[in-house]
Amino acid sequence: MGLYSVFSLLIALHPFLYHGVNAFVQRSDLISTRLSTTAFTRSSLQMQANSPPPYPVRIAVMGGGNFGLALSSISARKGFPTTILVREQEIADSINTNHTHPRYMRDVKFPPTLRATTNPQDCLPDATYIVHAVPVQYSRKFLNSVKEYIPPGTPVLSGSKGIETSSLGFMADILKETLGEERPYAFLSGPSFAREICDGVATAVVIASEDLLLARDLATLLSDGNFRVFTSRDVIGVEIGGAVKNVIALAAGMCEGLGLGTNAMSGLVTRGCGEMRRLGLTLGARPSTIAGLSGVGDTFGTCFGPLSRNRQFGYRLGKGETMEEILASSSEVAEGVDTSIALVNFIKQNCKGYRLDLKYPILFGVADILQGKLTPLDGLKGIMNMPFLMENFDER
């Protein structure tokens, strides 16, 4: 087990975050899943953690990238009929016939309970739960293209992280604006590399929802011996952690690419988590959420894990490659690149105060580097030559 996985599990097992693993979960559940359904009826149910739900379940996953495949594999290996919505018929045929993806994680064999389709009408209208795993910058257009197939009462679980560059909105904002505010939503985050999930490596994540009963149901559906789901009501805290950690990982990768050593890397990541905490407190997030799986936990995995696309992107920048060269040779999205610039604009728009660049020097510095205003080395020098301040100057 890698160092980042150990960090993640330590955080997951911390007594402060441990909320009754063996407790019974109560929930009024959404039952009606027929094709013509436009709303769900509720019935009082009681189910024990890790036991099958006492109602039929169909899961649809929107997004055929690595993380969509990983989330699909979790529900499918638990025996739930799962359909993943992909863009190309070639990919759907490969998953349905060979149980493999022709481009992503090609050596992974997916469960036979997972099928794929290119037609949203085949999987969305009768889904009990819908999982959204389309990258944030493409989510609004995609959701507008499929919303007519999604019944009003169907809950949506989002696994996408970041801030939309055009609206400066989080996924919670995008989902409500495209699919309506009355629908129940939940948000999954935490240190969860897709490859390790598919390989069955121990993983701990958190699902946040304003409807804690929905979060508990989803946690029960997805948790197994290798994939542990905790719950939270702090949606904004979970979304902040999922967005900011990718930007910190870009900075950590640059630090490694410059060959600056463990001291610099540790200091940079710690100060980055401080900026995440400061932003979270400003927007009403709970400090415990920032210190948990979706904040510090996901930051550890993304900054130190060899599978991190954002860390690798930053590493190549630190080695001297240009943005254009890296983007031209990358087949997968490093969410932190777009999120970084959107995040700075979001802070300027929503955070009051003098010299925001002194309060968020790492977040502002990464954006400047990506926009060509600084080199990675100049950015580090700027941080090291900042005015002398208390470690946490927003505290007494």
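Residues numbered from 1 in each chain as written. Predicted model: local features only at pLDDT ≥ 70, side-chain atom pairs only at ≥ 80, totals over all residues. Heavy atoms only, no water.

## A short note on the side chain of Thr83
So, point 1. Residue placement: Thr83 occurs in strand S4 (residues 82-85).
So, point 2. Here Thr83 is in contact with Ile59, Ala60, Val61, Arg115, Ala116, Thr117 and Cys123, once residues within four sequence places are set aside. (Helix = DSSP H or I, 4+ residues; strand = E, 2+ residues; numbered from the N terminus. Contact = heavy atoms within 4.5 Å.)

## A few points about the nonpolar core
So, point 1. By size, the foremost hydrophobic cluster in this structure holds 45 residues, and its most contacted members are Phe313 and Ile347.
So, point 2. Elements with a contribution of two residues or more to this core: helix H8 (235-257), helix H9 (261-282), helix H11 (293-304), helix H12 (309-318), helix H13 (323-328), helix H14 (335-350) and helix H16 (361-370).
So, point 3. Looking at this core element by element, the count peaks at 11 residues for H8.
So, point 4. Two domains share this core, each providing at least three of its residues, namely domain 1 (59-233) and domain 2 (243-385).
So, point 5. Those residues in contact with Phe313 that lie beyond four places of it in its chain are Leu250, Met323, Ile326, Leu327, Ala334, Val337 and Leu370.
So, point 6. Within the second largest apolar cluster, 39 residues are counted, among which are Val57, Ile95, Val108 and Val229. (Core = buried A, V, L, I, M, F, W, Y, C linked by side-chain atoms within 4.5 Å. Buried < 20%, exposed > 50% of the residue type's maximum accessible area, 1.4 Å probe, protein only. Domains from an automatic or database assignment.)

## Quick notes on the environment of Thr100
So, point 1. Secondary-structure assignment places Thr100 in the loop between helix H3 (89-98) and strand S5 (114-117).
So, point 2. For the pair Thr100 and Pro111, spaced 11 residues apart in sequence, the C-alpha separation works out to 9.3 Å.
So, point 3. Not counting chain neighbours up to four residues away, the residues in contact with Thr100 comprise Ser94, Ile95, Arg106, Val108, Lys109 and Phe110.

## Regarding the pattern of salt bridges
So, point 1. The final tally for this structure, using the stated rule, is 14 salt bridges.
So, point 2. Residue Lys176 pairs with Glu210 through a salt bridge whose shortest N-O separation is 3.6 Å. Taken together, the residues span a long stretch of sequence, with Lys176 in helix H5 (residues 171-179) and Glu210 in the loop between strand S9 (203-208) and helix H7 (212-222) at a distance of 34 residues.
So, point 3. You can call Glu210 exposed: its relative accessible area is 62%.
So, point 4. Its salt-bridge partner being Arg195, residue Asp199 comes within 3.1 Å of it at the nearest N-O pair.
So, point 5. What makes Asp199 partly exposed here is its relative accessible area of 45%.
So, point 6. Here the salt bridges share partners, and the residues they tie into one network are Asp107, Arg195 and Asp199. (Salt bridge = Lys/Arg side-chain N within 4 Å of Asp/Glu carboxyl O.)

## Side note on the environment of Arg103
So, point 1. Positionally, Arg103 belongs in the loop between H3 and S5.
So, point 2. We classify Arg103 as partly exposed; its relative accessible area is 44%.
So, point 3. Linking Arg103 and Gly65, residues 38 residues apart in sequence, is a C-alpha distance of 9.3 Å.

## Focus on the confidence of the model for the chain
So, point 1. Overall, the predicted model of the chain reaches an average pLDDT of 86, with 84% of residues at or above 70.
So, point 2. Predicted confidence is poor over residues 10-50, with pLDDT under 50, and the contacts of this stretch with residues over four places away or in other chains come to 95 contacts. (pLDDT = per-residue confidence, 0-100.)

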